[in-house]
Amino acid sequence: MTGRPAFVITGPTSGIGRFTALELAKHGTVVLVGRDQRKLGDVRKIIAGRGQHAVSVVCDLADPQSVSRAVAEIVALDLPMAGLLNNAGIMPLGARQNALGWDLAFATNHLGPFALTEALVPHLPDGANVVFIASGVEDPERRPARIAGFRGGRFVSVEASARGEWLRGGSTMPGADAYATSKLCILASAMAFARETPRLRFNAVEPGFAPATGLGRDANVLLRYLLLPVLSLVAPYVKYWSTPKRAARVITKVLLNPSGATGVYYDEVGEPMLASTLARDPQFQDRVVAETRDFLAKVIA
């Protein structure tokens, strides 16, 4: 289809993902991976209107069979893949399950990106970059996260997380423990992948709090009204905050980074940052990866 490098991005139809897809399209073909064919088509048309190239692949990351079908479709495109951006993420304000009965946030934010990455790794050339969108709320010691009501990842096991069970003593904010735990697990997995597969580059980005994103899609109307017009205006001037457009530039820079850096966790301005003590522990990283592989092996043929 084209000799330009191709970049696979999940969650490209809104917020940070949309801006990043448009930014990446300046550098090559963009493979847009998301649930809604119409929304994917809208982004593809914008990219085409700029004289650039994109293709869309429908995939529900919370469904491992959908992920398998999407991977087969992506591989069949026979594009020169140069990178993968695991951007899609949700934070339901309460306990929600997918069709398999798994916690929806954990399935979408950890199990899906994990399965997608593992399946695409054999098809990525040496030196390709894989980037995961992480979140500082996984760290129980991170002050801004605590102020916002988070209490860090509350990991018991992968199976317990899939059931929506978290370590006691967590947040009173609905959905916070599920979101933080899912981000803890995918961050730990990214670091483990970096050690396991040195021919590729695995990194993570904490994009900062960007009020104008889709993570608050379950919030009430008043809260959404406040987040978008009011908080978005002050975001560029507040530490740890960002905007979708600025985050997209940082993420694109990391994804295109030719330095060979791997196993790095970047903050909202593109500087290396520390993850939680638990996420940095190689034994914990390996445990999460092993448990996730075992769990997914039961449902992915």
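Owing to the predicted nature of the structure, the values given are computational and were not obtained by experimental measurement.

Undergrad: Quick question: what am I supposed to make of the packing of aromatic side chains here?
TA: Pairs of aromatic rings are described using the distance from one ring centre to the other and the angle between the two planes. Under the counting rule described, the total for this entry stands at 6 aromatic pairs. With a centroid separation of 4.9 Å and 55° between ring planes, the pair formed by Trp-102 and Phe-295 is classed as tilted. Of this pair, Trp-102 sits in the loop between strand 4 (81-86) and helix 4 (104-120) while Phe-295 sits in helix 10 (residues 282-297); the two residues are 193 residues apart in sequence, bridging distant segments of the chain. In this pair, the class of Trp-102 matches that of Phe-295, namely buried. A network of ring pairs unites the aromatic residues Phe-114, Phe-132, Phe-193 and Phe-202 as a single cluster.

Undergrad: In this structure, what is going on with the confidence of the model for the protein? I would like to understand it.
TA: Should the pLDDT be low somewhere, the predicted coordinates at that spot are not to be read in detail. Looking at the protein as a whole, its pLDDT mean stands at 90, while 88% of the residues score no less than 70. Here residues 214-225 is modelled with pLDDT under 50, and outside its nearest four sequence neighbours on either side it reaches 15 contacts, counting other chains as well. The model gives residues 228-238 a pLDDT under 50, and that stretch makes 18 contacts with residues more than four places away or in other chains.

Undergrad: Just checking my understanding: could you explain helix 2 (residues 37-49) for this structure?
TA: Think of an α-helix as 3.6 residues a turn; residues three or four steps apart then line up on the same face. For helix 2, which comprises 13 residues, the first-to-last C-alpha distance of 18 Å matches the rise-based estimate of 18 Å (1.5 Å per residue) to within 8%. Turning to helix 2, its buried residues are Leu-40, Gly-41, Val-43 and Ile-47. An end-on view of helix 2 places all buried positions within 165° of arc, on one side of the element. Exposed and oriented more than 90 degrees from the buried face of helix 2 are Arg-38, Lys-45 and Gly-49. In the core, the buried residues of helix 2 are packed alongside helix 1 (15-24), strand 2 (29-34) and strand 3 (54-58). Among the residues of helix 2, the N-terminal cap falls to Asp-36, whose side-chain oxygen and the backbone nitrogen of Arg-38 are separated by 2.9 Å. Count one or two residues on from helix 2 and you reach Gly-51, which has phi positive near 80°.

Undergrad: Would you mind going over the sheet that holds strand 1 (residues 6-10) with me for this structure?
TA: Ordered by their spatial adjacency, 7 strands build an open sheet running 3-2-1-4-5-6-7, and the pairing between neighbours is parallel. The open sheet has two edge strands with one neighbour each: strand 3 and strand 7 (265-266). Judged from the 2 bridges that link them, strand 6 (residues 201-205) and strand 7 form a sheet pairing that is parallel. If you follow Ala-204 over to strand 7, its bridge partner there is Tyr-265. Helix 2 contacts strand 2 and strand 3 of the sheet and is inclined by roughly 175° relative to strand 3.

Undergrad: Even after reading the chapter, I still don't get the pairing of strand 3, so can you show me in this structure?
TA: The two faces of the sheet receive side chains in turn, since in a regular strand these alternate between them. Among the 5 residues that make up strand 3, 4 are buried, leaving the element largely enclosed by the rest of the structure. Here strand 2 pairs with strand 3 via 5 bridges, running parallel. In the strand pairing of strand 3, Gly-34 is matched with Val-58. Taking the sense of rotation as the criterion, the β-α-β connection linking strand 2, helix 2 and strand 3 turns out right-handed.

Undergrad: Got a minute to help me understand the layout of surface pockets in this structure?
TA: The space that makes up the second largest pocket amounts to roughly 170 Å³. Residue lining of the second largest pocket: 18 residues in total, with Gly-94, Ala-95, Trp-166, Gly-175 and Ala-178 positioned closest to the centre. Listing elements by their share of the lining of the second largest pocket, those giving two or more residues are helix 4 and helix 7 (176-196). Sorting elements by how many residues they give to the lining of the second largest pocket places helix 7 first, with 3 residues. Residue composition of the lining of the second largest pocket, grouped by class: 9 nonpolar, 5 polar and 4 charged.

The rules behind these values
In this numbering scheme, every chain counts its residues from 1 along its sequence in written order. Restriction of local features to residues with pLDDT of at least 70 applies here, the model being predicted, together with a cutoff of 80 or more for giving and counting side-chain atom pairs; totals for whole chains, interfaces and linings are based on all residues. Values reported for side chains reflect all heavy atoms of the structure, with hydrogen atoms and water molecules removed beforehand. Within 6.5 Å between ring centres, the rings of Phe, Tyr and Trp (the latter by its six-membered ring) count as paired, and their orientation is classed by plane angle as stacked under 30 degrees, edge-to-face over 60, tilted in between. Counting from the N terminus, the helices are the DSSP runs of H or I reaching at least four residues and the strands are the DSSP runs of E reaching at least two. Partly exposed residues are those whose accessible area sits between 20% and 50% of the maximum for their type, while under 20% is buried and over 50% is exposed, using a 1.4 Å probe and protein chains only. As a per-residue measure, pLDDT reflects the predictor's confidence and takes values from 0 up to 100. What makes two residues a contact is simply this: any of their non-hydrogen atoms within 4.5 Å. Helix span is expected to be 1.5 Å times the residue number reduced by one. What the arc covers is the set of directions going from the helix axis to the C-beta atoms. Think of a polar contact as two N or O atoms within 3.5 Å of one another; within protein, one of them needs to be a possible hydrogen donor and the other a possible acceptor, and neighboring residues in sequence only count if both atoms come from side chains. Two strands pair under a simple rule: DSSP has to find at least two bridges between them. Only the stretch in contact is used when a helix axis is fitted, and all axes are lines through C-alpha atoms; the angle between N-to-C directions ranges over 0 to 180 degrees. Every crossover in which the path from the first strand over the helix to the second runs clockwise, viewed with the strands pointing away from the viewer, is termed right-handed. In this analysis a 1.4 Å probe is tested at points of a 1 Å grid over the protein atoms alone, and where it fits but cannot get out there is a cavity; an open set with protein on both sides within 12 Å along at least five of seven lines is a pocket; lining residues have an atom within 4 Å of a point. Grid points are joined across faces, edges and corners, and a volume is the space filled by probe spheres set on the points. Asp, Glu, Lys and Arg are counted as charged, while Ala, Val, Leu, Ile, Met, Phe, Trp, Tyr, Cys and Pro are counted as nonpolar; the rest, among them Gly, fall into the polar class.

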